[in-house]
Structure formats: C-alpha cells, structure tokens
Amino acid sequence: PRMRRLLGALLLCGLVTPSREALPGLSCAVSPRALQNVLAGAILQSGLLRQHLQSLLLSDIVGHGGMIGMHVSITGLRLLEVHVLDLSVILLPGFGVRMSIAMKLDLRGNCLMGLLSEVIDITAEVSVGMNIKCTNYESGTVQVIVEDCLCIFGDVKLNLLSGLLSLSLSDLVHAQLTGTLPALLCSVMNAMVNILNVQLLSMLNAVIQIGTGGTIQYQLANTPFTTDSFLGLDLEAVVQQAGGSIIPYDPSPLPLPPLHNKLLLVGVHESFFNAALRLLIHRQVQTFACTPEAVSTEHRASVAAPCLRPPQCPGCSRTSPLSVRIALSGSPRCALEANKATLRLAGSVQLLSQRPDGSLLSLLLLRAVSASGEPGAAARRGPRLIRALCSQDLALRVRLSVSGGRLMLAVTLG
C-alpha cells in the first residue's frame, strides 16, 4: 500500500536542520526500527544489493607467497554468493542516518603458484558503514549524499583443493583485498542509494486519483530532519477537483507526540483532511426504485405511502411505484480532537411517487442537519417535483475506524 511507499521515501533522507519552504498537509515521524525494516526490504529482499555486488570487476591478486615465497597470481576472481549478516540504522540528530551492512562474500578464482594451477575459494567478512543525508531541497526533491563510507574487514579464509596453504599466502590475499575492495564496495553503495532515491521519490511525489471527484498531489514540503528518536518528514498536498479548481486549506505547524515504541506516526492537519473529504465524500444525487432488493423496509413504506398522498390529488394513483432520492448538500467537515473525530454532513432523503403525467410527487422529505446546527436541505419546487407534504430533521451518527490501512466511515440515521 501507499503507507509502505511513504515509509520507503523516508529511508534515504538524512537530515539537516529543517527548512520550512512550504506548510505541510501531513507530518510523519518514523522510528529507527521502521527505517531498518523498510531498508531491509528495499535493499536485501528486492535483490538490489546482490545484483550490484555480482557486477563487480575484481582485480587480480599478484605477489609472492606460498611455502618458499614463489610467485603467486590469482586471476578471474568473481563473486559467488553474498550472505548478509546484519543491517542496522542509527539516527544522527541534525545530520542524517548511518546505515551499516555486515556481510560475508564468497569469492572464487584461479590460483597459479609457481607451476601449480588450481581453483581457490576465498571467504571475506566485511562491514560497510556510511552516513547518508539529504540536501539541496527544491520543488519537492532533495539530493542524497553519501559521506564517510568505511569498510571494516573481519576474517579472510582461503581454501585450495590441494591443501597447500600458508600464512604468507593468507597475508597476501588479505592485504590486497583490504586495499582494493573498499573503493569498489563504497561505489556500489553510492550507486545503490542513488537508485533508491530516484525510485522512492518518484513514488512519493505522486498524483493520486480520488474516484471521479478529483486528485491529490503529494510532494516533499521541505528538507527531512532527524532527532534522537525519529526521522521527520513533511508532505505538501494539493487537493484539486475534477473541474480543475484547487480546494484551499490553511495548514499550520503540527507538533507530533512521542513515538512510544510505535513504528510510525502520521499527523494530518484538520484543514487538509476537510479538503480531502470534499473529494472522498463526493456523490451525485442518487434515485432508485423502492423495491425489496434495494430497501429492506419496502413493504412498510408501500403500506404507509397511501396515507401520505394528498386528498386534493384525485389523479394520484395509490398503486404507483415509489422511489427514494438521496442527496448530500454543502461540504463535509470533520473536527479532530484527542481520541475523537466528529464528522458533519448535511443531506436529505426523499420518498417519491410518480403521478399519471410522469411528474414526481414528494411524499416525505427527511433533512439530515449537521451537528453544528446548520440548516439542512429544504424542499424545493422543480420542473418535475411537486411540493413536499411533510419534512423532518434527522441526526447522522458517524463511526470512524481503520481497517486494512483504510479509513472507514459508517453512517447511520437517528
């Protein structure tokens, strides 16, 4: 889902002191554990690290070693397998993120020692650490910079089929690998981070279609920042209706509460949420036949309908089909409070009967008025709509919940 994309976009954003180029619609705080989990998926599980390491061109190892100091040449070195032992993330407040990857590399090549030629297997343990930060924010994009890449080598083990192995040969291989591999590994890490940055920012700076109501365009609002407990990110959002007009909202800085062992906190500004609601709760007037399939109380409505027909309408058939019309009016609004959200909607429900001339007779109008006391929709005379015979105000009860990463609204009439 998009929440994983949002997490992914945070991974490579190391931090400087935040600059407030634009006011955000959403603010996020991501824990180091969440960053580590997403990095593991983006770098390790996707095979990105393995793919780049297997394309390495390793230098030949040439020198003197063996039992009597004979000439040694190891050529055709290639990577057989990468075993990742650990991936860790540390936040650097005011700077960025430090990522470390501990791995074991299985290498194979051809060893020529004097006149003896055979296959040699080399296993090298190495930990690659780097500092990552974001800089040069401009129009929703940042530049990712890798600094202070450092490789620390552990054991280097050799295996020759003949068993002819000496300490001097181990020293030769260890010295040349530690001299040539760091530059190669750091170049791979730098290229990999740049690829991830392009991919993740392209997913983050995106336009999302909201049904037929319009679109929401997200992009970075400013340079990401780090504290000692989380990585922070602000997103600017443009809410645009299908006709092209932009729904304005007035965001203000939103302080986020402590994480308290949570992986992620997302703060939504109330004004942005209300602008998005205008797209999410966007429905045309709905009119449907009052049948048992559509209305569970159709039988009771059919029995009660003759009592609502006016006596001064002798041409009104008591057996004419009924229909129900539902319409929303005004803009939905939601007030956000601690552990509580109050949604305000205005709309109407009409019970209609068809006259012999094809015009519609409104038998009943129920107006759903908002919690703030704003008036609901009033009955109006239209070209094919006769006056409403009775009306009554309703109360809307809305229950909000989160299921499957989606905000669910359950609306009932009271």
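Residues numbered from 1 in each chain as written. Predicted model: local features only at pLDDT ≥ 70, side-chain atom pairs only at ≥ 80, totals over all residues. Heavy atoms only, no water.

In the nomenclature of an unreviewed UniProt entry, the protein chain corresponds to BPIB4 protein from the organism Eudromia elegans.

Examining unusual backbone geometry
Backbone geometry places H260, a non-glycine residue, at a positive phi of 55 degrees. As for its placement among the helices and strands, H260 is situated in the loop between β10 (231-241) and β11 (264-268). According to the relative accessible area criterion, H260 is exposed, its value standing at 59%. Here the phi dihedral of N261 falls at roughly 70 degrees; this positive angle occurs in a residue that is not glycine. Within the secondary structure layout, N261 lies in the loop between β10 and β11. (Helix = DSSP H or I, 4+ residues; strand = E, 2+ residues; numbered from the N terminus. Buried < 20%, exposed > 50% of the residue type's maximum accessible area, 1.4 Å probe, protein only.)

Some details on the confidence of the model for the protein chain
Averaged over all residues, the pLDDT of the protein chain is 77; the fraction at 70 or higher stands at 73%. The least confident element of the protein chain, judged by mean pLDDT, is helix α1 (residues 2-10) at 43; the most confident is strand β4 (residues 96-113) at 92. Per-residue pLDDT stays below 50 along residues 1-22; that stretch engages in 73 contacts with residues further than four places along the chain or on separate chains. Here residues 371-392 scores under 50 on pLDDT; set against residues more than four positions off or in separate chains, the count is 48 contacts. (pLDDT = per-residue confidence, 0-100. Contact = heavy atoms within 4.5 Å.)

Notes on the packing of aromatic side chains
The relative placement of two aromatic rings is captured by the distance of their centres and the angle of their planes. Within the structure shown, the criterion is met by 3 aromatic pairs. When the ring of Y218 is compared with that of F272, the centres are 6.4 Å apart and the planes differ by 70 degrees; the resulting orientation is edge-to-face. Of the two residues, Y218 sits in strand β8 (residues 214-220) while F272 sits in helix α5 (residues 270-280), which places them 54 residues apart along the sequence. Both residues of the pair, Y218 and F272, count as buried. Taken together, a centroid distance of 6.3 Å and an interplanar angle of 75 degrees make the contact between F225 and F230 edge-to-face. Looking at F225, the relative accessible area reads 15%, which means it is buried. Members of the aromatic cluster, connected to one another through ring pairs, are Y218, Y249 and F272. (Phe/Tyr/Trp six-rings, centres within 6.5 Å; stacked < 30°, edge-to-face > 60°.)

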